Amino acid sequence: MTGDNNQITTVQAPRSVAFPTPEEVQPSGRVMEIPRDPTRVFVGRDDQFRWLDRFMGELDAGGDVVISQAVHGLGGVGKSELALQYAYRQRVRYPVVWWVFADGPQSIEAGLAGLTRKLVPEAAREATAQEAARWAVDWLNAHPGWLLIFDNVTDPAHVEPWLARLTGGHMLITSRRDVRWPGTTATLRLDLLEPDAAVALLTQVSGHTDPAERGLAARIAEELGYLPLALDQAGAYIQQTRTPLDRYLRLLRDQPAQVYDAAADGDKSQTTIARQWDITLQALADTAPDSIALIQMLACFHPDDIPRALAYPAQKPNPVAIDRALGVLASHNMITLTDELISIHRLTQAVILHNTPGTQPRNTALGSLLNTLPPDPQHNIDGWPLWQSLLPHIDRIFCHYPADQQSADLGTLLNQTALFLQVQGQTRRAQQFLTKAVDIAEAFYGPDHPDVAIRLGNLAATYRALGQPAEAKPLEDRALAITEAVYGPDHPTVAIWLGNLAATYRALGQPAEAKPRFERALAITEAVYGPDHPDVAIWLGNLAATYRDLGQPAEAISAITQAEQCAVRTLGVEHPTTRSLHQFAEFLNDLDGVSDRPERD
């Protein structure tokens, strides 16, 4: 070759793989490939197995179509084990049983190529995985009656092309995805085990079959959420380490994530709980990253009956994006989703919390709770059902904040929750929350802040309600002193604390100390609001009861008459306060007195 601009082009002839025709290849015996033998302890799935067997058995595996069934459910719920049991027990029905790990297109291709390597190893050595997989499909179509198991499918689109090309057999799909599957694929949801079946699995695997230990086994099963993989893993660990059931239960409650992650040494069939969820979370991080932050936040709540309103953060919520993320999580069986509620399995929750760095998820969850709280927890009766549903989640959020990491927002949550608990008659619990709320307010605002005074007064009210006015008095003295220092002696808030302190003196049997404080509260209120204000009626009513305690009936009747007239003018005849004052006026000598001034929120 000569010349400056000559070009040399190398052309490679197309490679031709010498595959035999599919019809020519007749295996010498049954073709079967499954990853392991099925477990000996298979309980609680009789109904699902019979349904699967009936659905697959009633249909012709040798026709022109593929009969496909998708089994979906939470990671670790036993989908693969159910498929394994079916494949093994019904192996005589199928001349070919072939297991394909199907967590992506390349895995499916490799699994089908493995069938080619089994049938025609020499030709398969010369072929690419794609070529071998295509030949395997042609061979299956030429030999109907087969069973393919596509295990752990992450996306229906990954199996759709193969379903379109295959004929004359059965396909069993396992997946964590609750989605629409291609073609005529039927679906079967696999739920958690029933409690009795869960106990049977745990006791048989662990060897603790003594009926006397059934109660402990039942508590462990409940703690593990009746999840088969977790129960099997726990049983193997208990059996191998000879751990008593009571000790394992303590470990499980004290260190849940670490215990979930402990599989028995040398048991290659065990897949740890943490690994199960890592796989799904990694897939979500790649395909739906918004869902990761969402489930990290949801994991901070109680796992059951999370109101959907809590899924929307306080700052700049995007309902469409959040609904989409919830749908993705539900489709992966990471959560259970209804129109109103969300639930997350407690093992999912423990693993996510264990592997979530930083404090952002709990802070986001706290903000969402504050944003969802109904206003006026003491008097807004319409909000009480929502308050009741939020209590388990408030308790759980509080547990995420050690004493040295508590925030002002947490103090607000505890204070508001305590007001609701108090009006619901849960006074002791309200007192515990308010004690924490006071400590947090002092730490963040200083000891002389008006918010501290409000929480001191609320805490004092719980002591009075519990019949401990002596404990209430120093708190109210301090609340009054803070309020006078901040707002001056004639502020209406000062009147509130004066009235509360006077009520405490009455509860202590010291009406002489109560009288001047009620009189001063009345004077401040009249000066600020005028004589026609509901608070004026309340203070007059309390004064009337105090006069009665002091043995001054004339002053008591005068005060209660003024109180009733004021209530009629300001609240109306039918208002509960007016009716109460009217009764007091009529039966002054027989009644203990009207209600004290409601506490300040």
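Residues numbered from 1 in each chain as written. Predicted model: local features only at pLDDT ≥ 70, side-chain atom pairs only at ≥ 80, totals over all residues. Heavy atoms only, no water.

Here's the deal with the overall build of the protein chain
Secondary structure summary: the protein chain contains 26 helices and 9 strands in total. When each of the 601 residues of the protein chain is scored for burial, the buried share is 48%. Considering only residue pairs separated by 6 or more positions, the protein chain has 72% of its internal contacts joining residues 24 or more positions apart. Just so you have it, the protein chain exposes about 28200 Å², and 49% of that area is on carbon and sulfur atoms. (Helix = DSSP H or I, 4+ residues; strand = E, 2+ residues; numbered from the N terminus. Buried < 20%, exposed > 50% of the residue type's maximum accessible area, 1.4 Å probe, protein only. Contact = heavy atoms within 4.5 Å. Areas by Shrake-Rupley, 256 points an atom, 1.4 Å probe, with all protein chains shown as cover.)

As for the nonpolar core
With 89 residues, the main nonpolar core has Leu294, Leu298, Phe301, Ile335, Ile394 and Ile397 as its most contacted residues. Sorting elements by how many residues they give to this core places helix H24 (residues 534–549) first, with 9 residues. Residues in contact with Leu298, not counting those within four places in the same chain, are Ile306, Ala311, Leu326, Leu329, Ile335, Ile342 and Ile344. (Core = buried A, V, L, I, M, F, W, Y, C linked by side-chain atoms within 4.5 Å.)

Here we look at the packing of aromatic side chains
Tallied over the entire structure, the rule returns 7 aromatic pairs. Look at Phe19 and Trp135: their rings are 5.6 Å apart centre to centre, the planes differ by 15°, and that puts the pair in the stacked class. Here Phe19 is found in the segment before strand S1 (31–33), whereas its partner Trp135 is found in helix H5 (residues 129–142), with 116 residues between them in sequence. Among the residues examined, Phe19 registers a relative accessible area of 22% and is labelled partly exposed. An angle of 40° between the planes, with centres 6.3 Å apart, marks the rings of Phe398 and Phe433 as tilted. With Phe398 in helix H17 (residues 384–399) and Phe433 in helix H19 (residues 427–445), the pair connects residues that are 35 residues apart, well separated along the chain. The exposure class of Phe398 is partly exposed, given its relative accessible area of 21%. An aromatic cluster is built from Phe49, Tyr86 and Tyr94, whose rings are joined through pairwise contacts. Positioned above the aromatic ring of Tyr401 is the side chain of Arg362, whose terminal nitrogen or guanidinium carbon lies 4.3 Å from the ring centre. (Phe/Tyr/Trp six-rings, centres within 6.5 Å; stacked < 30°, edge-to-face > 60°. Lys NZ or Arg CZ within 6 Å of the ring centre and 35° of its normal.)

What to know about the sheet that holds strand S5 (residues 169–175)
Sheet architecture is open: 6 strands sit in the order S1-S3-S4-S5-S2-S6, paired in parallel fashion. The strands lining the two open edges of the sheet, one partner per strand, are S1 and strand S6 (186–189). Taking the axes of each pair of neighbouring strands and ignoring which way they run, one obtains an average angle of 20° across the sheet. The pairing of strand S3 (residues 96–101) with strand S4 (residues 146–151) spans 5 bridges and is parallel. (Pairing = 2+ DSSP bridges. Axes fitted to C-alpha atoms, helices over the stretch in contact; angles between N-to-C directions.)

Brief notes about the sheet that holds strand S9 (residues 341–343)
Across the sheet, 3 strands lie side by side as S7-S9-S8; this open sheet has antiparallel pairing. The open sheet is flanked by strand S7 (306–307) and strand S8 (336–337), the only strands paired with a single partner.

Remarks on unusual backbone geometry
One non-glycine residue, Asp305, lies in positive phi territory at about 55°. With respect to the helices and strands, Asp305 occurs in the loop between helix H13 (289–298) and S7. Given the relative accessible area of 44%, Asp305 is considered partly exposed. Positive phi outside glycine occurs at Asp376, with the angle close to 50°. Of note, Asp376 is situated in the loop between helix H16 (360–372) and H17. For Asp376, a relative accessible area of 32% puts it in the partly exposed group.

Looking at helix H3 (residues 105–119)
The end-to-end C-alpha distance of H3 is 22 Å, a good match for the 21 Å that 15 residues give at a rise of 1.5 Å each. Where H3 is buried, its residues touch S1, S3, helix H4 (121–126), H5, S4 and helix H6 (156–165). (Expected span 1.5 Å × (residues − 1).)

Looking at the packing of helix H7 (residues 195–206) against helix H9 (residues 228–241)
For the pair H7 and H9, the least separation of the axes is 7 Å and the interaxial angle reads 30°. In terms of orientation, H7 and H9 fall into the roughly parallel class. The interaxial crossing formed by H7 with H9 has right-handed handedness. In contact with Ala198, Leu201, Leu202, Val205 and Ser206 of H7, H9 contributes Pro228, Leu231, Asp232, Ala234, Gly235, Ala236, Ile238 and Gln239. Considered class by class, the residues forming the contact of H7 with H9 number 9 nonpolar, 3 polar and 1 charged. (Parallel < 35°, antiparallel > 145°, perpendicular 65-115°, else oblique. Left-handed = near helix turned anticlockwise from the far one by under 90°. Nonpolar A, V, L, I, M, F, W, Y, C, P; charged D, E, K, R; others polar.)

Regarding the pattern of salt bridges
This model, assessed by the stated rule, comprises 18 salt bridges. A salt bridge links Arg520 to Glu484; its shortest N-O distance comes to 2.6 Å. Pair noted here: Arg520 is in helix H23 (residues 511–529) and Glu484 is in helix H21 (residues 469–487), with a separation of 36 residues, a long-range link. Glu484 sits in the partly exposed class, given a relative accessible area of 25%. The partner of Arg517 in a salt bridge is Glu513, and the shortest N-O contact between them spans 3.4 Å. Here Arg517 and its partner Glu513 are both found in helix H23, 4 residues apart, which amounts to about one turn of the helix. Taking relative accessible area as the criterion, Arg517 reaches 22% and is therefore assigned partly exposed. Assessed through its relative accessible area of 35%, Glu513 is described here as partly exposed. Among the ionic contacts, a cluster of salt bridges with common partners joins Arg506, Arg548 and Asp549. (Salt bridge = Lys/Arg side-chain N within 4 Å of Asp/Glu carboxyl O.)

A look at the side chain of Ser175
Mapped onto the elements of the fold, Ser175 is located in strand S5. Every residue in contact with Ser175, bar those within four places of it in the chain, is listed here: Val71, His72, Gly73, Lys79, Val153 and Trp181.

Focus on the pairing of S4
Counting buried positions over the 6 residues of S4 gives 6, a clear majority of the element. Side chains Trp146, Leu148 and Phe150 of S4 all project onto a buried face; the interleaved residues Leu147, Ile149 and Asp151 project onto the opposite face, where all are buried too. For S4 and S5, the ladder comprises 5 bridges, and the chain directions are parallel. Of the residues in S5, the one forming a bridge with Ile149 is Leu172. In this view, the connection linking S4 to its parallel neighbour S5 by way of H6 has right-handed handedness. (Right-handed = clockwise from strand over helix to strand, strands pointing away.)

Just distances and angles here, no functional claims.
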